[in-house]
Amino acid sequence: MKNLLLRSLTGLIYVVIITTGIIVNQYTFLGLFSLILVVCLWEFYNLINRVRQVNINPYFNCLGGILLFLPTYLYASGISEHFIFYPFLFYIVISFILELYQKKQDPLVHLAYTFLGQCYITLPVSILNMIAFQTDAASSLCYSPLFILSLFAFIWMNDTGAYLVGITFGKHRLFERISPKKSWEGFFGGLIFTILSSLAFAYYEPAIPYYHWIGLSAMIVIFGTWGDLVESLFKRTLEVKDSGNSLPGHGGFLDRFDSLLLAIYGMFFYVELFIQS
């Protein structure tokens, strides 16, 4: 009971912080996701260092993540041109050059883990900027929190529906080799919950047809489920239960954002191909 209350309180605080950071303005969005990016990268690299003993520098690579996220924000918002990405390219080059001087036993493994963190975490979080800034009726770029807010709402509804239906009716395993507790019943329960919640967004923003909201929610459920399974695959490979213990009752930050990291791609593909086309 105590653990349930702690988990619920942590979850409530998490929802309030995320929602507020998205809704207030583009600067709270920037601050929120800069922080999320850094703590996720920090957790990832320290987990790899502890389990695989590869001694990756988390400070340098968290800086590398910011060198992609911040330029993407400036580019997506129309503040800067493509040259703003040059520092991130410099970070990539430096990462290779440093391996010449560090005398690691297996530099290929060291580089692989280094760039895995950037591909797995930094790239999707940076793509959020491309979703957050949309062209308005006057053909100018402006911050639009609706898609980002719906992304999180759909993930939360999917998690809730999958848990409630799965724990009640779950019998057929979805991906037993990776996540023994997930069931097909839970998957479809989460899908139904999420589609129903998408109708609220269709009512709020009728300019986007309801069938696109339904399609968008289904895409996020599919990609979000894959994201959850990918993190479970990483944890099974590393033989750890949680990615960390920073969030009481929830494990680590990656445990909370695992669905998001692939769901971002699902939303980006759908918005670009079907809504903004």
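Residues numbered from 1 in each chain as written. Predicted model: local features only at pLDDT ≥ 70, side-chain atom pairs only at ≥ 80, totals over all residues. Heavy atoms only, no water.

Novice: Before we go on, may I ask you to explain the overall build of the protein in this structure?
Specialist: Assigned secondary structure in the protein consists of nine helices and four strands. Helices (α) and strands (β) of the protein occur, in sequence order from the N terminus, as α-α-α-α-α-β-β-α-β-β-α-α-α. Its C-alpha atoms give the protein a radius of gyration of 19 Å, near enough to 19 Å, the size a compact globule of 277 residues would have. For the protein, the spread of C-alpha atoms along the principal axes amounts to about 60 × 50 × 30 Å. Each of the 277 residues in the protein was classed as buried or not, and the buried ones make up 48%. Put simply, 69% of the contacts in the protein that link residues at least 6 apart link residues at least 24 apart. About 14600 Å² of surface is accessible on the protein, with carbon and sulfur atoms providing 68% of the total. When the 15 basic and 16 acidic side-chain charges of the protein are each reduced to a single mean position, those positions are 12 Å apart. (Helix = DSSP H or I, 4+ residues; strand = E, 2+ residues; numbered from the N terminus. Rg over C-alpha atoms; globule rule 2.2 N^0.38 Å. Buried < 20%, exposed > 50% of the residue type's maximum accessible area, 1.4 Å probe, protein only. Contact = heavy atoms within 4.5 Å. Areas by Shrake-Rupley, 256 points an atom, 1.4 Å probe, with all protein chains shown as cover. Lys, Arg positive; Asp, Glu negative; His and termini not counted. Charge placed at Lys NZ, Arg CZ, Asp CG, Glu CD.)

Novice: Would you mind showing me how to read the environment of valine 165 here?
Specialist: Structurally, valine 165 can be placed in helix H6 (residues 146–169). Once the C-alpha coordinates of valine 165 and asparagine 55 are considered, the two residues, 110 residues apart in sequence, prove to be 42 Å apart. Residues within four places of valine 165 in sequence aside, it is in contact with Gly170, Glu185, Gly186, Gly189 and Phe193.

Novice: Help me out: how do you make sense of the packing of helix H2 (residues 26–52) against helix H5 (residues 107–132) in this one?
Specialist: Geometry of a packed helix pair, given as the angle between the helix axes and the separation of the axes. It is the contact of H2 with H5, at a shortest axis distance of 10 Å, that shows an interaxial angle of 165°. The orientation of H2 with respect to H5, classified from their angle, is roughly antiparallel. For H2 against H5, the interelement crossing comes out right-handed. Facing H2, whose interface residues are Phe29, Phe33, Leu37, Cys40, Leu41, Phe44, Tyr45, Ile48 and Arg52, H5 presents Tyr113, Thr114, Leu116, Gly117, Gln118, Ile121, Thr122, Val125, Leu128, Asn129 and Ala132. When its residues are assigned to classes, the contact of H2 with H5 shows 14 nonpolar, five polar and one charged. (Axes fitted to C-alpha atoms, helices over the stretch in contact; angles between N-to-C directions. Parallel < 35°, antiparallel > 145°, perpendicular 65-115°, else oblique. Left-handed = near helix turned anticlockwise from the far one by under 90°. Nonpolar A, V, L, I, M, F, W, Y, C, P; charged D, E, K, R; others polar.)

Novice: What exactly am I supposed to notice about the packing of aromatic side chains here?
Specialist: Each aromatic ring pair is specified by the distance between its two centres and by the angle formed by the two planes. Summed over the entire model, instances satisfying the criterion amount to 29 aromatic pairs. Aromatic ring contacts, followed pair by pair, group Tyr14, Phe29, Phe33, Tyr73, Phe133, Tyr143, Phe152, Trp156 and Phe257 into a single cluster. Here the guanidinium or amino end of arginine 256 rests over the ring plane of tyrosine 14, the centre of that ring lying 4.7 Å away. (Phe/Tyr/Trp six-rings, centres within 6.5 Å; stacked < 30°, edge-to-face > 60°. Lys NZ or Arg CZ within 6 Å of the ring centre and 35° of its normal.)

Novice: What am I meant to see in the nonpolar core here?
Specialist: Note on soluble globular proteins: their nonpolar side chains tend to be buried together. The biggest cluster of nonpolar side chains holds 62 residues, and the ones touching the most others in it are Phe33, Ile121 and Phe152. Taken together, the elements giving at least two residues each to this core come down to helix H1 (2–23), H2, helix H3 (58–76), H5, H6, helix H7 (184–204), helix H8 (210–238) and helix H9 (253–275). For this core, the element with the highest residue contribution is H2, accounting for twelve residues. Judged by nonpolar contacts, the second largest core, of five residues, contains Leu68, Tyr91, Leu111 and Phe115. (Core = buried A, V, L, I, M, F, W, Y, C linked by side-chain atoms within 4.5 Å.)

Novice: Explanation requested: the pattern of salt bridges in the structure shown.
Specialist: Pairing between side chains of opposite charge can happen when the charged atoms of each approach one another. Overall, the coordinates contain four salt bridges when judged by the stated rule. In this structure, lysine 235 and aspartate 255 form a salt bridge, with 2.9 Å as the shortest nitrogen-oxygen distance. You can see lysine 235 sitting in helix H8 and its partner aspartate 255 sitting in helix H9, a full 20 residues away along the chain. Taken as a pair, lysine 235 and aspartate 255 share a single burial class, namely buried. Close ionic contact of lysine 241 with aspartate 242 constitutes a salt bridge, the shortest N to O distance being 3.9 Å. Sharing partners across several salt bridges, the network here consists of Glu231, Lys235 and Asp255. (Salt bridge = Lys/Arg side-chain N within 4 Å of Asp/Glu carboxyl O.)

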